[in-house]
Amino acid sequence: MPELTPQQQQKQELYRDARLSKKYNDIWQSVGKCAFCDLKDKYIFFEEAGVVMTISLYAYIDGHFMIIPRRHVKSAKELTQKEWETVRKFLYIAKKLIKSVHHVNGMQLVQKDGSGAQSTVEHLHFHCVPFDSPDLSQWNYRKLKNTPLENAELYKEAGKKIIRADLKFTQKYRNPTGVKVVCDAIIIDDKKQILFEERKAEYRLEPDYLTLPGGAVQNFDVSLPEELAREVKEETGYKINPKQAKLISSRVDSATYPKMSAQLAINYNQEEQFLRNTYVIHYEPSKTILRPADDAKKLIWIPLDKVATHSRISPTTKQILKEATL
């Protein structure tokens, strides 16, 4: 933890003691803004998909922290599927973390949802409170040992435990109804060459496979071939006719992505499952110049007869190409 000036330390102690000193009531009534739309990075110890785990400045008990979507939403019903799935995972991590760091087996979850339950902020948030005694049900606050920064540092030091819980949740409790849909294209030219992409560093897979042009479906109000056409154009500049896209494979696939927690300064890999629809497009040379863009760093034509032995093509992609009639 960085060394604090006497004034900074005094402010931390004010946060720590505000509940017992009765100063909190004056503070929240004079904020004048949504404090959760202006979160301070130094108190955030984990983040994913626009949802954060952050220390409560005015904690009820040591170890008390919150789960907050960065978007200003009043209720859980406004969360996207990805945000809600992330909240669900964070609740799992929270209980594990409280037990590991503070040796408390119970966790009280307080969901502040809707304008009537949130004082002045009207911003959905979830309090994760270590629950070691029934007196907490009476909202009796405690004299705290730790300042907010000290509490944040304790959780950051438990970074490896957060990552282990993250990976375990993904492995054991992932919701199969939340699997995303990916559409990609086998773009083949008259020389029997297949177009592949080398992905930019921030989008690469683990291992660093070459991939077919395509990506995740974002708009389910249009057909999947139309979404494929959008992705292909964004990544290669090539404009395809969705009506000419022929579906040749639909299967559940998975890919492993490197992840980085900025708060914990930890790199790790995480697997993601998705429904993969693969189409065939016969390349028609035109005035359009192929240029890599979006998540593509480089475009590479690979002869079809070289695919089976190519070290940077995934086993699933090789199998799809083997089964395809090209």
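Residues numbered from 1 in each chain as written. Predicted model: local features only at pLDDT ≥ 70, side-chain atom pairs only at ≥ 80, totals over all residues. Heavy atoms only, no water.

K.L.:
Run through the overall build of the chain, naming residues and quoting values.
P.N.:
A tally of helices and strands in the chain yields seven helices and eleven strands. If you line up the chain on its principal axes, its C-alpha atoms span 80 × 35 × 35 Å. A buried classification covers 43% of the 326 residues belonging to the chain. Intrachain contacts of the chain at a sequence separation of at least 6 include 70% that bridge at least 24 residues. By element, 50% of the accessible surface of the chain is carried by carbon and sulfur atoms, the whole surface being about 17500 Å². Computed over 51 positive and 42 negative side-chain charges, the inter-centroid distance for the chain is 2 Å. (Helix = DSSP H or I, 4+ residues; strand = E, 2+ residues; numbered from the N terminus. Buried < 20%, exposed > 50% of the residue type's maximum accessible area, 1.4 Å probe, protein only. Contact = heavy atoms within 4.5 Å. Areas by Shrake-Rupley, 256 points an atom, 1.4 Å probe, with all protein chains shown as cover. Lys, Arg positive; Asp, Glu negative; His and termini not counted. Charge placed at Lys NZ, Arg CZ, Asp CG, Glu CD.)

K.L.:
Tell me about the sheet that holds strand β2 (residues 51-55), and please be specific about residues and values.
P.N.:
One open sheet holds the five strands; their spatial order is β1-β2-β3-β5-β4, and the pairing between them is antiparallel. Edge strands, defined here as strands with exactly one partner in the open sheet, are β1 (44-48) and β4 (106-112). The average undirected angle you get between the axes of adjacent strands in this sheet is 20°. The pairing of β4 with strand β5 (residues 125-131) spans seven bridges and is classified as antiparallel. Within the sheet, the bridge partner assigned to glutamine 111 lies in β5 and is phenylalanine 126. Seen against the sheet, helix α3 (residues 81-102) touches β1, β2, β3 (65-69), β4 and β5 and runs at an angle of roughly 30° to β2. (Pairing = 2+ DSSP bridges. Axes fitted to C-alpha atoms, helices over the stretch in contact; angles between N-to-C directions.)

K.L.:
Give a description of the side chain of glutamine 12 that names residues and reports values.
P.N.:
Relative to the elements of secondary structure, glutamine 12 occurs in helix α1 (residues 6-21). Residue classification places glutamine 12 among the buried residues on the basis of a relative accessible area of 3%. Those residues in contact with glutamine 12, other than ones at most four positions away along the chain, are Leu4, Tyr43, Thr147, Pro148 and Leu149.

K.L.:
Quick rundown of the nonpolar core? Include the residues and the values.
P.N.:
Membership of the largest hydrophobic core comes to 37 residues, with the highest contact counts inside it found for Phe45, Phe46, Met53, Phe65, Ile67, Ile93 and Tyr155. Considering each element in turn, this core owes the most residues, eight residues, to α3. Ranked by size, the runner-up nonpolar core spans 17 residues in total, among them Val181, Val217, Ala229 and Leu299. (Core = buried A, V, L, I, M, F, W, Y, C linked by side-chain atoms within 4.5 Å.)

K.L.:
Give a detailed account of the pattern of salt bridges, specifying residues and quantitative values.
P.N.:
What the rule picks out here adds up to 23 salt bridges. Of the charged contacts in the structure, one is a salt bridge between aspartate 41 and arginine 70, with a shortest N-O distance of 3.8 Å. Within this pair, whereas aspartate 41 is found in the loop between α2 (24-28) and β1, its partner arginine 70 is found in the loop between β3 and α3, the two being separated by 29 residues in sequence. The closest approach of N and O atoms between glutamate 234 and arginine 230, which form a salt bridge, is 3.2 Å. Pair noted here: glutamate 234 and arginine 230 are both in helix α6 (residues 224-236), with a separation of four residues, about one helical turn. For glutamate 234, a relative accessible area of 35% gives the class partly exposed. A single salt-bridge network, built from bridges that share partners, covers Glu48, Lys89, Asp166 and Lys259. (Salt bridge = Lys/Arg side-chain N within 4 Å of Asp/Glu carboxyl O.)

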